[in-house]
Amino acid sequence: MKNVAAILFIMTFCLAGSAPLFAAERPQRVMNPAASTQDTAPAILSIIPAQAEPGDKVTIFGSNFGEQISAFLGSVEIPARVIDAKQIEFTLPQLDAGLYALYLKRGDGVVGRAYNFSVQPQRPVLSALSPDRIGSCAQGEERDVIAAGRNFVETSLLFFDNASIKSRVASSTAIAFRVPQVAGGLHQIMVKNSPENASVPLALEIETKPEVSQVTMGAASVNYYELIIDGKNFQQNSAIYVDGQRVGGIGGQDAAAREKVIYIDCGRLIYQRFPYSPVVKDFRLQVVNPGNEGSQVVNVSAP
């Protein structure tokens, strides 16, 4: 009996060593915590420029942009173009000036952190004046000028030599004005949408240099005849030079000389010429204004 009991004890011990009497709990696989949304959201490292006007291009450098992404300025969604994994860009739409919250929203709906972005008032751009020069003697509609550019608004003001003058905003790209009566030379034209929001100025020239367009024979008397000199920018005291000899001008006519210049208007002078003989000859003629600005020299064939 003792032997039988011993055998049973040994068998029980062997079974206990080869397999547990009760099933052990199955080990569970340990999972890493899921990455936070903040870690995978589109991130902004830099915004260039940090402030801009409507129509400007804005470039954002960062990460986690994905294949599709939009920029938001406040509640306004702006589709952005993905340049590469670290760069996107968008064009600033027409928005009122002010401070906006700028953030990115990826195509899967994940939103990034918001940053301040300043939308600047749209600056007027003055690109051309048509015409950009007028004669000093121009009158009425001849003094009308169109200022061409962009970003003009109904309240835009045109400044002539830093003083606001009457003008008309024809469109967002054109302002019409009439040049006031001012001295000759270069004058500054500028457009302002507000006191602090001005265009780069352009120059308008008031031309005073005389110009001769034609010389024709006029009325004839017994011992003299008239030469009609047509052109522009003639002045009350303009003189003429005939083969280098001065006739008329400031200081009056030389009492010993019979020839004289009669001012008709800005575009016409009469030269009363007393020829030595009726034979036609060639001579050179030039008009010179009181400021010593001279016209081109023209060749004339007359007695």
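Residues numbered from 1 in each chain as written. Predicted model: local features only at pLDDT ≥ 70, side-chain atom pairs only at ≥ 80, totals over all residues. Heavy atoms only, no water.

**Q** Lay out the side chain of aspartate 230 with the relevant residues and their values.
**A** By the secondary structure assignment, aspartate 230 is in strand β21 (residues 225-232). Aspartate 230 sits in the buried class, given a relative accessible area of 10%. A distance of 2.7 Å separates polar atoms of two side chains, one belonging to aspartate 230 and the other to arginine 268. In this structure, aspartate 230 is in contact with Glu211, Val212, Ser213, Gln214, Gly267 and Arg268, ignoring residues within four places of it in sequence. (Helix = DSSP H or I, 4+ residues; strand = E, 2+ residues; numbered from the N terminus. Buried < 20%, exposed > 50% of the residue type's maximum accessible area, 1.4 Å probe, protein only. Polar contact = N/O pair within 3.5 Å; in protein donor to acceptor, adjacent residues only side chain to side chain. Contact = heavy atoms within 4.5 Å.)

**Q** Can you break down the environment of proline 54 residue by residue, with the values?
**A** Assignment of secondary structure puts proline 54 in the loop between β2 (51-52) and β3 (57-63). Taking relative accessible area as the criterion, proline 54 reaches 7% and is therefore assigned buried. Separated by 42 residues in sequence, proline 54 and aspartate 96 have C-alpha atoms that sit 8.7 Å apart.

**Q** Which residues make up the state of the cysteines, and what values go with them?
**A** Across all of its chains, the model carries one disulfide by this definition. Bridging cysteine 137 to cysteine 266, the disulfide has an S-S length of 1.9 Å. Between cysteine 137 and cysteine 266, the S-S dihedral sits near -70 degrees, and the bridge is therefore left-handed. Pair noted here: cysteine 137 is in the loop between β11 (133-135) and β12 (144-150) and cysteine 266 is in the loop between β24 (260-265) and β25 (268-273), with a separation of 129 residues, a long-range link. (Disulfide = S-S within 2.5 Å.)

**Q** Could you give an account of the confidence of the model for the chain, naming the residues involved and the relevant values?
**A** When pLDDT is low, close inspection of the predicted coordinates is not appropriate. Mean pLDDT over the chain stands at 87; residues scoring 70 or higher make up 85%. Predicted confidence is poor over residues 1-36, with pLDDT under 50, and the contacts of this stretch with residues over four places away or in other chains come to one contact. (pLDDT = per-residue confidence, 0-100.)

**Q** Residue-level account of the pairing of β25, with values.
**A** With respect to burial, β25 is a largely interior element, five of its six residues being buried. Judged from the six bridges that link them, β21 and β25 form a sheet pairing that is antiparallel. What sits directly across from isoleucine 228, in β25, is isoleucine 270. As paired elements, β24 and β25 share five bridges and run antiparallel to each other. Within β25, the residue paired with valine 261 across the bridge is tyrosine 271. (Pairing = 2+ DSSP bridges.)

**Q** Run through the nonpolar core, naming residues and quoting values.
**A** One finds Ile60, Leu73, Phe90, Leu92, Leu102, Leu104 and Phe117 to be the most contacted residues of the largest nonpolar core, which totals 20 residues. Elements supplying a minimum of two residues to this core: β1 (43-48), β3, β4 (69-73), β7 (87-91), β8 (98-106) and β9 (115-119). If near-sequence neighbours (up to four positions away) are discounted, phenylalanine 117 is found in contact with Ile47, Pro49, Ala50, Gln51, Ala52, Val58, Leu73, Leu92, Gly98, Leu99, Tyr100 and Leu102. Counting residues in each nonpolar core, the second largest holds 17 residues, with Ile240, Val247, Tyr271 and Ala302 among its members. (Core = buried A, V, L, I, M, F, W, Y, C linked by side-chain atoms within 4.5 Å.)

**Q** How would you explain the packing of aromatic side chains if you had to name every residue and give the values?
**A** Aromatic ring pairs are described here by two measures, namely the spacing of the ring centres and the angle between the planes. Scanning all chains against the criterion turns up two aromatic pairs. For the ring pair phenylalanine 72 and tyrosine 103, a centre distance of 5.1 Å and an interplane angle of 5 degrees mean the geometry is stacked. Of the two residues, phenylalanine 72 is situated in strand β4 and tyrosine 103 in strand β8; the sequence distance between them amounts to 31 residues. Lysine 192 extends its terminal NZ or CZ atom over the ring of phenylalanine 159, reaching a point 4.6 Å from the ring centre. In this structure, arginine 273 packs its charged tip against the face of phenylalanine 283, placed 4.2 Å from the ring centre. (Phe/Tyr/Trp six-rings, centres within 6.5 Å; stacked < 30°, edge-to-face > 60°. Lys NZ or Arg CZ within 6 Å of the ring centre and 35° of its normal.)

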